[in-house]
Amino acid sequence: MSATATTARTKVDPAVDRPAGRLRVHAWFTPYLFLLPYLALLTTFVLVPAVFGIWVSLHDWDFMLPNKPFIGLQNYVDLFTPDSVTFPEFWNGMKATAIFTVASVPFLVLIPLGIALMLNRVFPARSLLRAMIFAPFVLGIAVVGVLFRYLLDSQFGLINWFLGLFGIPPVGWTQTQPWAWVALVGMTVWWTLGFNAVIYLAGLQGIPRDQYEAAAIDGAGSFARFINVTLPGLRNILVFIITTTVLASANMFGQAYLVTNGGPGDSTRTAIMVMTQEGLRAFKMGSATAMSYLLAICLAVVSVINFMVLREREGGK
Amino acid sequence: MSKTTRPGLPAENLSPRGISRRSLLGGTAAAATALALGACSPGSAGTPGAQKSVAGGGGSEGYDGPAVSLAFWNGLTGGDGPIMRKLIDEFNSQHDNIKVSMTAIAWAEYFQKLPAAVSNGKAPEIGLMHADDLATNAARQVIIPMDDVASALKLTENDFPTIAWKGGLYQGKRYGIPLDVHPAGLFYNKNVLEKVGADPEKPPTTGDELMAILDKCKSKGVHGMWTSALSVNGLESQTLVYQYGGKMVNDDGMSVGFAEQPGADAINWWKGLIDKGHSPKNAAADGNFVSFTNDKAAFMINGPWNTTPLNAIKKLKWGAAPVPNIGGTQAVWAGSHQFVLPRQLKTDENKAVASRVFVNWISQQSMGWADAGMVPARNSVREDPEFQTKGAVLEFAKQLDYIHFVPPIAGVNDVLPEWTTATSEAMLGKKEVQAALDQAKERANKILVSNNKKYG
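Residues numbered from 1 in each chain as written. Chains lettered and ligands numbered in written order. Predicted model: local features only at pLDDT ≥ 70, side-chain atom pairs only at ≥ 80, totals over all residues. Heavy atoms only, no water.

Colleague: Tell me what's going on with the packing of aromatic side chains, and back it up with residues and numbers.
Modeller: Applying the stated criterion across every chain yields a total of 30 aromatic pairs over all chains. Their ring planes at 40° and their centres at 6.2 Å tell us that A:Phe100 and A:Trp181 sit as a pair that is tilted. Separated by 81 residues along the polypeptide, A:Phe100 in helix H5 (residues 86-119) and A:Trp181 in helix H9 (residues 179-205) bring together distant segments of the chain. Accessibility expressed as a relative area gives 1% for A:Phe100, which makes it buried. Judged by its relative accessible area of 11%, A:Trp181 is buried. With a centroid separation of 5.7 Å and an interplanar angle of 50°, the aromatic rings of B:Phe187 and B:Phe396 are classed as tilted. With a gap of 209 residues between them, B:Phe187 in strand S8 (residues 185-189) and B:Phe396 in helix H15 (residues 392-397) connect regions that are remote in the sequence. Judged by relative accessible area, which is 0%, B:Phe187 ranks as buried. By the ring-pair criterion, three or more aromatic residues cluster together here, those being B:Phe72, B:Phe91, B:Phe339, B:Phe358 and B:Trp361. (Phe/Tyr/Trp six-rings, centres within 6.5 Å; stacked < 30°, edge-to-face > 60°. Helix = DSSP H or I, 4+ residues; strand = E, 2+ residues; numbered from the N terminus. Buried < 20%, exposed > 50% of the residue type's maximum accessible area, 1.4 Å probe, protein only.)

Right, dumping it as structure tokens:
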């Protein structure tokens, strides 16, 4: 940047050379102009709906009804009142969401890391394997959902057939707990691990080779190299992956909707499914938005804790 | 969810369901956005019900204005879709100046998209709805009264089964013109019946007869009738609630009836199939359909929209019959497709007339619709000798005298998720039947009371 740009600048007299001179002239608002398209989209599709959503959550809101009574914080109060209509469903949904997040995030953080470490080595057909690992992520949830409904079918599914070869009786993958969670977590890991693996791979390739060489010279074995070189080198990547994975898991909807339909009972009915029913089926947008704000606050808190925990470790080093 | 057992979105078929859900996921987001934006549009503050009387005699005098194209939305994404398209092609070929184009959107998504479209002034001219969704959409001013159509076309209660005709009413106004009635039916697999030594031409008519054949199946190692905790909440269990003398929702719309003894009896009967070995444990949601079509089960109680998919399986030998009287009262769950007119922000007189011409025409031509397994609502169509050639649908039609709908109350379907959860937990033995129902009842009644407050 610097060397060529500076020479170019000194060579050209701004007063004489018009095209170059024009390029350099800019007003205070020029950077804002560049940001404008982004800001416009952000404002239209994120900020305005978000603020509008707060307004909606203070009403008994049905966008088709002329009468949308203002009820203050009642929607929020209801979510903390055990005998209200929304309380049991919402917290059941939050519980299901928490279970799924806690169960899936460790796998989605660790398995892709292992895969990335393997794929980072040099071996034949490496690119093919990389592509294969990433491939499922390209599929839409509808495709994955149908696929796993076939695979998980208790009587006709491939998975139970395979288990049957070892004399294992059919498992009710979508009808019984904890197997429904096992199935949902398993399919999610298969479906999305490619994304995290690719991010890890990019991170691994950013770690300078000479650090490994230096460690090796100091007598570090492969495990010590992993602990002392690889992990520190991946710290930022880890923060990113843990945060995005937690958020993605907490927003789980399609898997439970398509494969277990919230069952057995309502054990896999996630918070987003509850909101969908409340806002888009029963048209109670007010309480549905209140729910979504509560979920958003919970996720914000979890994300902040995430950052703090991971930063603390960095300071301790 | 309740809607998954609806025609057009058969939970019983793997692929149609999956594919339609795909579009649903995208649609949810779209609808949510439209909803946020639409809330500011004048649509929400428009003057619904202020419907001018439409020239052209409500569609009875035909349409001779300039060429118009009409959008017709429905949720016929299953085997019934192509048959509706065929009827529309026929209509288009007979009317030079009207072109109807059909868009099929999975029902669950349809009921989200339509209100958004209405509030943005992008509503289709014609829609299709289930009778049990009419009240909700009428109360939410998604659709407009069409008494003028009924009176101009001289349609009266005498033209339809009473319950289907009344199913189009909400608070004394007509919002729907019935196209069909689709009651649950008993499907029987002739190959399996023959194999276990039962008469393949004599389907059971009572619970005892049914059980006798199921015992025969069991003695031959066949699970005769599969049921699943994931899907029994639909027409199967609801039919039995009616048969045991109960109601899903009480007529005043302030409380549910499903938690009383008939509801418990209904679940216990289905649970009994598993306990007695007539159904495998933990069958998948579509286990009844998959086992039936693979000659692994003798019976399923299911909707007439399965007619087309079953006919498509060449090796299958099947028949349909009225649902046996299991609970002691002749009764059966039924739905009804009804034509509706979505509210337009800008009235186009020509389109208004043309869409009424279409509704009238297709209501008279609903003989073709019987090919989808649906019982035509028009009495004249069913009385036509040609109807006797339509096969399975004749069996469904035999039940018209004792079909049951939920009462026409806005938001009535909001209680179905509670019923779904309760049946699922009870069937799986996670909770005692009555305890599961009592809990569902408590929540459902609160929902009904809050709906009553909301819709007034």
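Colleague: Could you give an account of the sheet that holds strand S9 (residues 299-302) of chain B, with specific residues and numbers?
Modeller: All names here are of chain B. Taken together, 3 strands build an open sheet; the order of strands is S9-S8-S10 and the sheet is antiparallel. Among the strands making up the open sheet, the edge pair consists of S9 and strand S10 (318-321). Averaged over all neighbouring strand pairs, the angle between strand axes comes to 25°, with direction disregarded. The pairing of S8 with S10 spans 4 bridges and is classified as antiparallel. Bridging across to S10, Asn189 finds its partner in Trp318. (Pairing = 2+ DSSP bridges. Axes fitted to C-alpha atoms, helices over the stretch in contact; angles between N-to-C directions.)

Colleague: Lay out the sheet that holds strand S14 (residues 403-404) of chain B with the relevant residues and their values.
Modeller: Sheet strands pair via backbone hydrogen bonds, and the direction of the pair is either parallel or antiparallel. Residues and elements named next belong to chain B. Pairing is mixed in the open sheet, where 4 strands are placed in the order S13-S7-S11-S14. Taken across any chain shown, the strands that pair with only one partner, and hence form the sheet edges, are strand S13 (375-376) and S14. Examined bridge by bridge, strand S7 (residues 180-183) and S13 share 2 bridges and lie antiparallel to one another. Residue Asp180 lies in a different strand from S13, and its bridge partner there is Pro376. Against the sheet, helix H9 (residues 235-243) contacts strand S11 (332-335) and S14, and its axis sits at roughly 125° relative to S11. (Contact = heavy atoms within 4.5 Å.)

Colleague: Please give an account of the domain arrangement of chain B that cites residues and values.
Modeller: A common way to state how big an interface is: give the accessible area lost once the parts meet. Residue and element names in this part refer to chain B. Annotation of chain B at the domain level lists domain 1 (11-182 + 335-399) and domain 2 (183-334). With 20 residues of domain 1 at the interface, the matching set in domain 2 holds 22 residues. Around 1700 Å² of area is buried between domain 1 and domain 2 when both sides are counted, 63% of it from carbon and sulfur atoms. One can count 0 salt bridges joining domain 1 with domain 2. At the boundary of domain 1 and domain 2, one finds 2 residue pairs in polar contact (both at pLDDT 80 or more). Broken down by secondary-structure element, the contributors of at least two residues to the side of domain 1 that touches domain 2 are helix H2 (80-94), S7 and H15. Here the side of domain 1 that touches domain 2 takes 3 residues from H15, the largest share from any one element. Across the side of domain 1 that touches domain 2, the residue classes break down as 9 nonpolar, 6 polar and 5 charged. (Domains from an automatic or database assignment. Buried area = accessible area lost by both parts, 1.4 Å probe. Salt bridge = Lys/Arg side-chain N within 4 Å of Asp/Glu carboxyl O. Polar contact = N/O pair within 3.5 Å; in protein donor to acceptor, adjacent residues only side chain to side chain. Nonpolar A, V, L, I, M, F, W, Y, C, P; charged D, E, K, R; others polar.)

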